[in-house]
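Below are the chains, spelled out letter by letter.
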Amino acid sequence: MRGKDGWLESLGDEALLALVARGEEEALGVLYRRYAPAILALGRRMGLASSEREDCVQEVFVRIWRGARSYCPKKTAARSWLLAVAHHYLVDQVRSRAARPQALEPDEPEAFDLPGPGLDEFGSLDRLRIQRALLALSPEERQVIEVLYYQGYPHGEAARRLGLPLGTLKSRTRRALERLKEALVED
Amino acid sequence: MEIGEIRELLPLYALGALEEEERRAVEAALEAFPELQEELRALQEAVDQLALWLPPEPLPPGLEERIRARVRPRRPWLAWFGPLAAAAVVVGMGWVGLQVWDWVRVFGDPTARVLTLQDRQGRPIGRALLRPDQRMLLVSSLPAPPEGKVYQAWGLDAGAPIPLRTFRGGVVLLELPPGSRGLALSLEPPGGSRTPTEVVGSSIN
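Predicted model, so just to flag it, every value in this text is computed and none were measured.

Colleague: Please set out the overall build of chain B residue by residue, giving values where relevant.
Modeller: When its secondary structure is counted, chain B shows 5 helices and 8 strands. In chain B, the succession of helices and strands from N to C terminus is α-α-α-α-α-β-β-β-β-β-β-β-β.

See the structure below:
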(Lines give C-alpha, C1' and ligand atoms only; values in the text may rest on other atoms or scores of the structure.)
Protein backbone atom coordinates (compact mmCIF):
# COMPACT_ATOMS: atom_id res chain seq x y z
CA MET A 1 0.00 0.00 0.00
CA ARG A 2 3.03 2.27 0.05
CA GLY A 3 4.54 2.37 -3.45
CA LYS A 4 3.48 5.34 -5.47
CA ASP A 5 1.96 7.17 -2.52
CA GLY A 6 5.30 7.10 -0.67
CA TRP A 7 5.55 10.88 -0.96
CA LEU A 8 2.60 11.16 1.40
CA GLU A 9 4.76 9.69 4.12
CA SER A 10 6.80 12.88 4.12
CA LEU A 11 3.77 15.06 4.86
CA GLY A 12 2.94 16.35 8.31
CA ASP A 13 -0.13 15.28 10.24
CA GLU A 14 -1.99 18.51 9.49
CA ALA A 15 -1.53 18.12 5.73
CA LEU A 16 -2.54 14.47 5.88
CA LEU A 17 -5.68 15.29 7.85
CA ALA A 18 -6.55 17.95 5.28
CA LEU A 19 -6.21 15.30 2.57
CA VAL A 20 -8.32 12.86 4.58
CA ALA A 21 -10.98 15.56 4.86
CA ARG A 22 -10.96 15.65 1.04
CA GLY A 23 -11.51 11.91 0.88
CA GLU A 24 -7.92 10.82 0.16
CA GLU A 25 -7.82 7.24 1.34
CA GLU A 26 -4.03 6.96 0.96
CA ALA A 27 -3.56 9.80 3.45
CA LEU A 28 -5.63 7.87 5.98
CA GLY A 29 -3.37 4.89 5.34
CA VAL A 30 -0.30 6.95 6.21
CA LEU A 31 -1.89 8.23 9.42
CA TYR A 32 -2.89 4.69 10.27
CA ARG A 33 0.66 3.43 9.92
CA ARG A 34 1.91 6.41 11.87
CA TYR A 35 -0.45 6.23 14.83
CA ALA A 36 -2.12 2.83 15.01
CA PRO A 37 0.86 1.26 16.87
CA ALA A 38 0.55 3.90 19.60
CA ILE A 39 -3.24 3.58 19.76
CA LEU A 40 -2.98 -0.19 20.04
CA ALA A 41 -0.43 0.30 22.81
CA LEU A 42 -2.72 2.75 24.58
CA GLY A 43 -5.58 0.24 24.33
CA ARG A 44 -3.36 -2.41 25.87
CA ARG A 45 -2.31 -0.03 28.63
CA MET A 46 -5.99 0.67 29.31
CA GLY A 47 -6.69 -3.04 29.77
CA LEU A 48 -8.37 -3.99 26.49
CA ALA A 49 -7.86 -7.43 24.97
CA SER A 50 -6.03 -7.82 21.68
CA SER A 51 -9.19 -8.31 19.57
CA GLU A 52 -10.87 -5.37 21.30
CA ARG A 53 -7.88 -3.19 20.55
CA GLU A 54 -8.08 -4.06 16.86
CA ASP A 55 -11.80 -3.28 16.80
CA CYS A 56 -11.11 0.01 18.55
CA VAL A 57 -8.40 1.02 16.11
CA GLN A 58 -10.69 0.23 13.22
CA GLU A 59 -13.47 2.34 14.69
CA VAL A 60 -11.09 5.16 15.59
CA PHE A 61 -9.81 5.47 12.04
CA VAL A 62 -13.31 5.35 10.62
CA ARG A 63 -14.15 8.21 13.00
CA ILE A 64 -11.04 10.09 11.90
CA TRP A 65 -12.12 9.62 8.29
CA ARG A 66 -15.62 10.90 8.98
CA GLY A 67 -14.60 13.64 11.39
CA ALA A 68 -11.56 15.05 9.57
CA ARG A 69 -13.63 17.92 8.19
CA SER A 70 -14.39 19.11 11.70
CA TYR A 71 -10.70 19.34 12.55
CA CYS A 72 -9.48 22.93 12.95
CA PRO A 73 -5.69 23.29 12.79
CA LYS A 74 -5.87 26.73 14.42
CA LYS A 75 -7.24 25.23 17.61
CA THR A 76 -5.48 21.90 18.03
CA ALA A 77 -2.38 20.16 16.74
CA ALA A 78 -3.33 17.34 14.40
CA ARG A 79 -1.53 14.77 16.53
CA SER A 80 -3.40 15.90 19.64
CA TRP A 81 -6.68 15.73 17.75
CA LEU A 82 -5.97 12.22 16.45
CA LEU A 83 -4.88 10.91 19.82
CA ALA A 84 -7.85 12.58 21.54
CA VAL A 85 -10.25 10.87 19.12
CA ALA A 86 -8.55 7.57 19.92
CA HIS A 87 -8.43 8.10 23.69
CA HIS A 88 -12.05 9.23 23.77
CA TYR A 89 -13.17 6.05 22.00
CA LEU A 90 -10.97 3.82 24.14
CA VAL A 91 -12.36 5.39 27.31
CA ASP A 92 -15.89 4.73 26.04
CA GLN A 93 -14.99 1.08 25.46
CA VAL A 94 -13.29 0.71 28.83
CA ARG A 95 -16.29 2.24 30.56
CA SER A 96 -18.87 0.21 28.63
CA ARG A 97 -17.04 -3.12 28.95
CA ALA A 98 -15.98 -2.53 32.55
CA ALA A 99 -12.53 -3.63 31.45
CA ARG A 100 -10.59 -1.18 33.51
CA PRO A 101 -7.10 -2.28 34.29
CA GLN A 102 -6.29 -3.05 37.86
CA ALA A 103 -5.10 0.08 39.55
CA LEU A 104 -1.34 0.20 39.42
CA GLU A 105 0.67 1.79 42.09
CA PRO A 106 2.58 4.56 40.39
CA ASP A 107 5.87 3.27 41.70
CA GLU A 108 5.33 -0.17 40.30
CA PRO A 109 7.61 -0.73 37.32
CA GLU A 110 4.69 -1.68 35.04
CA ALA A 111 2.98 1.64 35.60
CA PHE A 112 5.58 3.73 33.84
CA ASP A 113 7.99 1.07 32.76
CA LEU A 114 10.80 1.45 30.31
CA PRO A 115 9.44 0.99 26.82
CA GLY A 116 10.77 -1.72 24.54
CA PRO A 117 12.58 -1.20 21.26
CA GLY A 118 10.83 1.18 18.89
CA LEU A 119 8.65 -0.04 16.07
CA ASP A 120 7.25 3.29 15.09
CA GLU A 121 8.37 6.60 13.75
CA PHE A 122 8.28 8.12 17.17
CA GLY A 123 11.40 6.23 18.10
CA SER A 124 12.56 4.59 21.29
CA LEU A 125 14.79 7.53 22.22
CA ASP A 126 11.80 9.84 22.30
CA ARG A 127 9.94 7.35 24.45
CA LEU A 128 12.90 7.12 26.80
CA ARG A 129 12.91 10.90 27.08
CA ILE A 130 9.21 10.94 27.94
CA GLN A 131 9.63 8.13 30.41
CA ARG A 132 12.27 10.14 32.23
CA ALA A 133 9.87 13.08 32.30
CA LEU A 134 7.14 10.88 33.74
CA LEU A 135 9.44 9.52 36.38
CA ALA A 136 10.23 13.10 37.35
CA LEU A 137 6.62 13.47 38.51
CA SER A 138 5.76 12.80 42.13
CA PRO A 139 4.00 9.49 42.86
CA GLU A 140 0.81 11.45 43.61
CA GLU A 141 0.99 13.21 40.27
CA ARG A 142 1.56 9.95 38.42
CA GLN A 143 -1.38 8.49 40.31
CA VAL A 144 -3.83 11.09 39.01
CA ILE A 145 -2.52 10.55 35.47
CA GLU A 146 -2.98 6.81 35.91
CA VAL A 147 -6.57 7.06 37.12
CA LEU A 148 -7.73 9.86 34.84
CA TYR A 149 -5.99 8.97 31.60
CA TYR A 150 -5.14 5.27 31.59
CA GLN A 151 -8.10 4.07 33.64
CA GLY A 152 -10.46 6.58 32.05
CA TYR A 153 -12.35 7.69 35.14
CA PRO A 154 -14.10 11.04 34.97
CA HIS A 155 -12.65 13.50 37.41
CA GLY A 156 -15.44 13.29 40.00
CA GLU A 157 -15.16 9.54 40.29
CA ALA A 158 -11.36 9.69 40.19
CA ALA A 159 -11.38 12.08 43.15
CA ARG A 160 -13.61 9.71 45.10
CA ARG A 161 -11.45 6.69 44.28
CA LEU A 162 -8.29 8.51 45.29
CA GLY A 163 -9.93 10.01 48.37
CA LEU A 164 -9.07 13.51 47.25
CA PRO A 165 -11.13 16.69 47.30
CA LEU A 166 -12.02 17.68 43.74
CA GLY A 167 -10.00 20.87 44.02
CA THR A 168 -6.89 18.92 45.00
CA LEU A 169 -7.36 16.54 42.10
CA LYS A 170 -7.67 19.46 39.69
CA SER A 171 -4.58 21.26 40.99
CA ARG A 172 -2.57 18.04 41.09
CA THR A 173 -3.55 17.25 37.53
CA ARG A 174 -2.52 20.66 36.32
CA ARG A 175 0.77 20.41 38.14
CA ALA A 176 1.42 16.95 36.69
CA LEU A 177 0.86 18.08 33.11
CA GLU A 178 2.82 21.28 33.54
CA ARG A 179 5.75 19.43 35.05
CA LEU A 180 5.60 16.90 32.26
CA LYS A 181 5.62 19.70 29.74
CA GLU A 182 8.52 21.46 31.46
CA ALA A 183 10.52 18.26 31.77
CA LEU A 184 10.10 17.62 28.06
CA VAL A 185 11.16 21.16 27.17
CA GLU A 186 14.18 21.07 29.49
CA ASP A 187 15.32 17.68 28.21
CA MET B 1 -18.49 30.03 33.01
CA GLU B 2 -15.84 32.43 34.17
CA ILE B 3 -12.45 32.29 32.53
CA GLY B 4 -10.92 31.09 35.81
CA GLU B 5 -13.28 28.12 35.94
CA ILE B 6 -12.45 27.19 32.38
CA ARG B 7 -8.73 27.38 33.04
CA GLU B 8 -9.19 25.07 35.98
CA LEU B 9 -10.87 22.50 33.77
CA LEU B 10 -8.40 22.65 30.88
CA PRO B 11 -6.03 19.91 32.16
CA LEU B 12 -8.99 17.60 32.74
CA TYR B 13 -10.33 18.46 29.30
CA ALA B 14 -6.95 17.66 27.76
CA LEU B 15 -6.89 14.32 29.58
CA GLY B 16 -10.40 13.47 28.38
CA ALA B 17 -11.54 13.28 32.02
CA LEU B 18 -14.59 15.53 31.84
CA GLU B 19 -18.17 14.38 31.61
CA GLU B 20 -19.84 15.04 28.27
CA GLU B 21 -21.74 18.09 29.51
CA GLU B 22 -18.63 19.68 31.00
CA ARG B 23 -16.68 18.93 27.85
CA ARG B 24 -19.22 20.76 25.73
CA ALA B 25 -19.24 23.69 28.17
CA VAL B 26 -15.44 23.97 27.91
CA GLU B 27 -15.58 23.84 24.12
CA ALA B 28 -18.21 26.57 24.04
CA ALA B 29 -16.20 28.67 26.48
CA LEU B 30 -13.05 28.28 24.41
CA GLU B 31 -14.85 30.07 21.61
CA ALA B 32 -15.50 32.95 24.00
CA PHE B 33 -11.97 32.97 25.43
CA PRO B 34 -9.65 32.22 22.51
CA GLU B 35 -6.68 33.28 24.64
CA LEU B 36 -7.03 29.94 26.44
CA GLN B 37 -6.50 28.01 23.24
CA GLU B 38 -2.72 28.26 23.38
CA GLU B 39 -2.63 27.03 26.96
CA LEU B 40 -4.84 24.11 26.04
CA ARG B 41 -2.65 23.29 23.07
CA ALA B 42 0.39 23.00 25.32
CA LEU B 43 -1.49 20.80 27.78
CA GLN B 44 -2.66 18.57 24.94
CA GLU B 45 0.89 18.16 23.70
CA ALA B 46 1.90 16.97 27.17
CA VAL B 47 -1.05 14.54 27.20
CA ASP B 48 -0.02 13.22 23.76
CA GLN B 49 3.18 11.95 25.34
CA LEU B 50 1.18 9.67 27.62
CA ALA B 51 0.19 7.64 24.59
CA LEU B 52 3.36 8.05 22.56
CA TRP B 53 5.82 6.88 25.19
CA LEU B 54 4.20 3.44 25.41
CA PRO B 55 5.97 0.60 23.60
CA PRO B 56 4.20 0.53 20.24
CA GLU B 57 2.35 -2.56 19.12
CA PRO B 58 2.92 -4.15 15.71
CA LEU B 59 0.18 -3.54 13.15
CA PRO B 60 -2.19 -6.51 12.87
CA PRO B 61 -2.21 -8.07 9.38
CA GLY B 62 -5.18 -6.99 7.29
CA LEU B 63 -6.41 -4.30 9.69
CA GLU B 64 -5.51 -1.43 7.38
CA GLU B 65 -7.40 -3.09 4.53
CA ARG B 66 -10.45 -3.61 6.72
CA ILE B 67 -10.44 0.06 7.63
CA ARG B 68 -10.03 1.08 4.00
CA ALA B 69 -12.93 -1.17 3.02
CA ARG B 70 -15.13 0.60 5.56
CA VAL B 71 -14.29 4.11 4.44
CA ARG B 72 -14.27 3.43 0.71
CA PRO B 73 -17.26 5.15 -0.88
CA ARG B 74 -19.95 2.77 -2.04
CA ARG B 75 -22.12 3.35 -5.06
CA PRO B 76 -25.62 2.88 -3.65
CA TRP B 77 -27.11 1.80 -6.97
CA LEU B 78 -24.35 -0.75 -7.43
CA ALA B 79 -24.86 -2.06 -3.92
CA TRP B 80 -28.55 -2.59 -4.69
CA PHE B 81 -28.11 -3.77 -8.24
CA GLY B 82 -26.40 -7.08 -7.45
CA PRO B 83 -29.00 -8.43 -5.01
CA LEU B 84 -31.87 -7.07 -7.12
CA ALA B 85 -30.51 -8.66 -10.29
CA ALA B 86 -29.96 -11.95 -8.46
CA ALA B 87 -33.51 -11.80 -7.08
CA ALA B 88 -34.88 -11.05 -10.55
CA VAL B 89 -33.00 -14.02 -12.02
CA VAL B 90 -34.31 -16.33 -9.29
CA VAL B 91 -37.89 -15.07 -9.72
CA GLY B 92 -37.57 -15.28 -13.51
CA MET B 93 -36.18 -18.81 -13.42
CA GLY B 94 -38.88 -19.79 -10.96
CA TRP B 95 -41.60 -18.39 -13.23
CA VAL B 96 -40.18 -20.15 -16.30
CA GLY B 97 -39.87 -23.35 -14.31
CA LEU B 98 -43.50 -23.15 -13.22
CA GLN B 99 -44.64 -22.53 -16.78
CA VAL B 100 -42.64 -25.47 -18.08
CA TRP B 101 -43.90 -27.71 -15.29
CA ASP B 102 -47.46 -26.58 -16.01
CA TRP B 103 -47.10 -27.76 -19.61
CA VAL B 104 -45.27 -30.97 -18.70
CA ARG B 105 -48.23 -31.92 -16.51
CA VAL B 106 -50.53 -31.59 -19.55
CA PHE B 107 -48.92 -34.67 -21.10
CA GLY B 108 -50.46 -36.72 -18.31
CA ASP B 109 -53.91 -35.23 -18.82
CA PRO B 110 -56.10 -37.68 -20.80
CA THR B 111 -58.39 -34.85 -21.93
CA ALA B 112 -55.50 -32.94 -23.58
CA ARG B 113 -55.13 -33.27 -27.37
CA VAL B 114 -52.20 -33.16 -29.74
CA LEU B 115 -52.90 -31.50 -33.09
CA THR B 116 -50.74 -32.19 -36.15
CA LEU B 117 -50.29 -29.35 -38.63
CA GLN B 118 -49.59 -29.85 -42.31
CA ASP B 119 -48.89 -27.46 -45.17
CA ARG B 120 -51.03 -27.34 -48.29
CA GLN B 121 -48.96 -30.13 -49.83
CA GLY B 122 -49.63 -32.41 -46.82
CA ARG B 123 -46.17 -32.09 -45.32
CA PRO B 124 -46.00 -31.84 -41.52
CA ILE B 125 -45.11 -28.36 -40.30
CA GLY B 126 -45.67 -28.72 -36.59
CA ARG B 127 -47.66 -30.01 -33.66
CA ALA B 128 -49.74 -28.29 -31.02
CA LEU B 129 -50.63 -29.44 -27.53
CA LEU B 130 -54.17 -28.30 -26.65
CA ARG B 131 -55.25 -28.22 -23.02
CA PRO B 132 -58.83 -28.61 -21.89
CA ASP B 133 -58.87 -24.90 -20.99
CA GLN B 134 -58.15 -24.11 -24.69
CA ARG B 135 -54.60 -22.95 -24.06
CA MET B 136 -52.25 -24.26 -26.69
CA LEU B 137 -48.51 -24.82 -27.09
CA LEU B 138 -47.59 -24.71 -30.77
CA VAL B 139 -44.20 -26.02 -31.91
CA SER B 140 -43.67 -25.45 -35.61
CA SER B 141 -40.89 -26.10 -38.10
CA LEU B 142 -41.90 -23.15 -40.26
CA PRO B 143 -39.07 -21.18 -41.88
CA ALA B 144 -38.64 -17.51 -40.98
CA PRO B 145 -41.47 -15.54 -42.63
CA PRO B 146 -40.61 -13.54 -45.79
CA GLU B 147 -39.56 -9.90 -45.42
CA GLY B 148 -42.55 -7.75 -44.41
CA LYS B 149 -44.67 -10.73 -43.37
CA VAL B 150 -45.54 -12.53 -40.14
CA TYR B 151 -47.32 -15.74 -39.37
CA GLN B 152 -50.78 -15.52 -37.85
CA ALA B 153 -52.72 -18.27 -36.07
CA TRP B 154 -56.46 -18.81 -36.57
CA GLY B 155 -59.00 -20.65 -34.49
CA LEU B 156 -61.21 -23.00 -36.51
CA ASP B 157 -64.75 -23.94 -35.63
CA ALA B 158 -67.93 -24.23 -37.66
CA GLY B 159 -67.85 -20.57 -38.73
CA ALA B 160 -65.23 -18.20 -40.17
CA PRO B 161 -61.61 -18.50 -38.95
CA ILE B 162 -61.07 -16.46 -35.77
CA PRO B 163 -57.91 -14.30 -35.85
CA LEU B 164 -55.40 -15.07 -33.09
CA ARG B 165 -51.92 -13.71 -32.40
CA THR B 166 -49.11 -13.21 -34.91
CA PHE B 167 -45.64 -14.77 -34.52
CA ARG B 168 -42.42 -15.43 -36.39
CA GLY B 169 -42.00 -19.15 -35.82
CA GLY B 170 -40.62 -21.54 -33.22
CA VAL B 171 -42.59 -22.14 -30.04
CA VAL B 172 -45.75 -20.10 -29.49
CA LEU B 173 -48.34 -20.02 -26.74
CA LEU B 174 -51.91 -19.50 -28.00
CA GLU B 175 -55.37 -19.52 -26.58
CA LEU B 176 -58.07 -20.90 -28.80
CA PRO B 177 -61.47 -19.27 -28.59
CA PRO B 178 -64.20 -21.35 -26.88
CA GLY B 179 -65.62 -23.85 -29.34
CA SER B 180 -62.59 -23.85 -31.62
CA ARG B 181 -61.26 -27.35 -32.17
CA GLY B 182 -58.70 -26.73 -34.93
CA LEU B 183 -55.92 -24.36 -35.89
CA ALA B 184 -54.77 -22.74 -39.14
CA LEU B 185 -51.66 -20.70 -39.91
CA SER B 186 -51.26 -17.99 -42.54
CA LEU B 187 -48.81 -15.35 -43.76
CA GLU B 188 -50.00 -11.80 -43.09
CA PRO B 189 -48.68 -8.27 -43.06
CA PRO B 190 -47.19 -7.17 -39.68
CA GLY B 191 -49.97 -6.67 -37.14
CA GLY B 192 -52.09 -9.43 -38.65
CA SER B 193 -55.38 -9.44 -40.55
CA ARG B 194 -59.06 -9.97 -39.79
CA THR B 195 -59.33 -12.71 -42.46
CA PRO B 196 -56.56 -15.08 -43.66
CA THR B 197 -54.52 -13.81 -46.66
CA GLU B 198 -52.22 -16.73 -47.49
CA VAL B 199 -52.90 -19.96 -45.57
CA VAL B 200 -49.71 -21.98 -45.07
CA GLY B 201 -51.13 -24.91 -43.11
CA SER B 202 -53.79 -26.22 -40.76
CA SER B 203 -54.46 -28.95 -38.20
CA ILE B 204 -55.68 -32.23 -39.60
CA ASN B 205 -57.28 -33.76 -36.52
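Colleague: Tell me about the interface of chain A and chain B, residues and numbers included.
Modeller: Frequently, the measure chosen for interface size is the accessible area removed from exposure when the parts meet. On the chain B side, the residues contacting the 53 residues of chain A number 38 residues. Secondary structure elements with two or more residues in the side of chain A that touches chain B: helix H2 (25-45), helix H3 (50-67), helix H4 (78-97), helix H5 (124-135), helix H6 (139-150), helix H7 (155-162) and helix H8 (166-186) of chain A. The dominant element in the side of chain A that touches chain B, judged by the number of residues it contributes, is H2(A), at 13 residues.

Colleague: Describe the sheet that holds strand E4 (residues 150-156) of chain B, and please don't skip the residues or the numbers.
Modeller: Residues and elements named next belong to chain B. Taking strand neighbours across the sheet as the criterion, the 8 strands line up as E5-E4-E7-E8-E1-E2-E3-E6 in an open arrangement whose pairing is antiparallel. Because the sheet does not close on itself, it has two edges, and the strands there are strand E5 (162-167) and strand E6 (171-175). If you compare each strand with its neighbour and ignore which way they point, the axes differ by 25° on average. The pairing of E4 with strand E7 (residues 182-188) spans 7 bridges and is classified as antiparallel. Residue pairing across strands places glutamine 152 opposite serine 186, the latter belonging to E7.

Colleague: Mind laying out the nonpolar core, listing which residues take part and the relevant values?
Modeller: Judged by nonpolar contacts, the single largest core of 70 residues is most densely connected at A:Leu31 and A:Ile64. When residues in this core are grouped by element, the largest group, 12 residues, is from H2(A). Excluding residues within four positions of it along the chain, A:Ile64 makes contact with A:Val20, A:Leu28, A:Leu31, A:Leu82 and A:Val85. Counting residues in each nonpolar core, the second largest holds 14 residues, with B:Leu117, B:Leu130, B:Met136 and B:Leu138 among its members.

Colleague: So what about the environment of B:Trp103? Which residues, and what values?
Modeller: Structurally, B:Trp103 can be placed in helix H5 (residues 76-106). Considering only alpha carbons, one finds B:Trp103 and B:Arg135, 32 residues apart in sequence, at a separation of 10.0 Å.

Colleague: How would you summarise the environment of B:Arg23 if you had to cite specific residues and measurements?
Modeller: Residue and element names in this part refer to chain B. Along the chain, arginine 23 turns up in helix H2 (residues 20-32). Judged by local crowding, arginine 23 falls into the partly exposed class, with 17 C-beta atoms found within 10 Å. Considering only alpha carbons, one finds arginine 23 and tyrosine 13, 10 residues apart in sequence, at a separation of 6.5 Å. Dropping the residues within four chain positions of it, arginine 23 is found in contact with Tyr13 and Leu18.

Colleague: Residue-level account of the pairing of E7(B), with values.
Modeller: When E7(B) meets strand E8 (residues 198-203) of chain B, the two strands line up antiparallel, connected through 4 bridges. Bridged to B:Ala184 within E8(B) is B:Ser202.

Colleague: With reference to specific residues and values, describe the confidence of the model for chain B.
Modeller: Residue and element names in this part refer to chain B. Across chain B, the average pLDDT comes to 89, with 98% of residues at or above 70. H5 is the least confidently modelled element of chain B, averaging 81 in pLDDT, while helix H4 (residues 63-71) averages 96, the highest of any element. This complex was scored by the predictor with a pTM of 0.63 and an ipTM of 0.85.

Colleague: Can you break down H2(A) residue by residue, with the values?
Modeller: Structurally, the α-helix is built with 3.6 residues per turn, so residues lying three or four positions apart point the same way. Residues and elements named next belong to chain A. Compared with the 30 Å implied by 1.5 Å per residue over 21 residues, the 29 Å span of H2 between its first and last C-alpha is a close match. Along H2, 16 of the 21 residues are buried, which leaves the element largely enclosed by surrounding structure. Just past H2, the residue glycine 47 takes up positive phi, approximately 95°.

Colleague: Explain unusual backbone geometry residue by residue, including any values.
Modeller: At B:Gln134, a residue that is not glycine, the phi angle is positive and equals roughly 75°. By secondary structure assignment, the location of B:Gln134 is in the loop between strand E2 (124-130) and strand E3 (135-140).

Colleague: Hey, could you go over the pairing of strand E1 (residues 113-118) of chain B for me, with residue numbers and the actual values?
Modeller: Residues and elements named next belong to chain B. Looking at chain direction, E1 and E2 are connected through 6 bridges and run antiparallel. Each residue of the ladder has a partner; that of arginine 113, found in E2, is leucine 130. Hairpin connection of E1 to E2: 5 residues between the antiparallel strands, including glycine 122 at a positive phi of 85°. In terms of strand pairing, E1 meets E8 through 2 bridges, oriented antiparallel. Residue pairing across strands places glutamine 118 opposite serine 202, the latter belonging to E8.

Colleague: How would you sum up the packing of H3(A) against H4(B)? Please name residues and give values.
Modeller: Across the interface, H3(A) lies against H4(B) with an axial gap of 10 Å and an inter-helix angle of 40°. As summarised for this structure, H3(A) and H4(B) are arranged oblique, according to the angle between their axes. Of the two possible hands of crossing, H3(A) and H4(B) adopt the one that is right-handed. Facing H3(A), whose interface residues are A:Glu54, A:Val57, A:Gln58, A:Phe61, A:Val62 and A:Trp65, H4(B) presents B:Leu63, B:Arg66, B:Ile67, B:Arg70 and B:Val71. Considered class by class, the residues forming the contact of H3(A) with H4(B) number 7 nonpolar, 1 polar and 3 charged.

Conventions and cut-offs
Residues numbered from 1 in each chain as written. Chains lettered and ligands numbered in written order. Predicted model: local features only at pLDDT ≥ 70, side-chain atom pairs only at ≥ 80, totals over all residues. Helix = DSSP H or I, 4+ residues; strand = E, 2+ residues; numbered from the N terminus. Contact = placed C-beta atoms within 7 Å. Pairing = 2+ DSSP bridges. Axes fitted to C-alpha atoms, helices over the stretch in contact; angles between N-to-C directions. Core = buried A, V, L, I, M, F, W, Y, C linked by C-beta atoms within 7 Å. Buried ≥ 20, exposed ≤ 12 C-beta atoms within 10 Å, placed from the backbone. pLDDT = per-residue confidence, 0-100. Expected span 1.5 Å × (residues − 1). Parallel < 35°, antiparallel > 145°, perpendicular 65-115°, else oblique. Left-handed = near helix turned anticlockwise from the far one by under 90°. Nonpolar A, V, L, I, M, F, W, Y, C, P; charged D, E, K, R; others polar.

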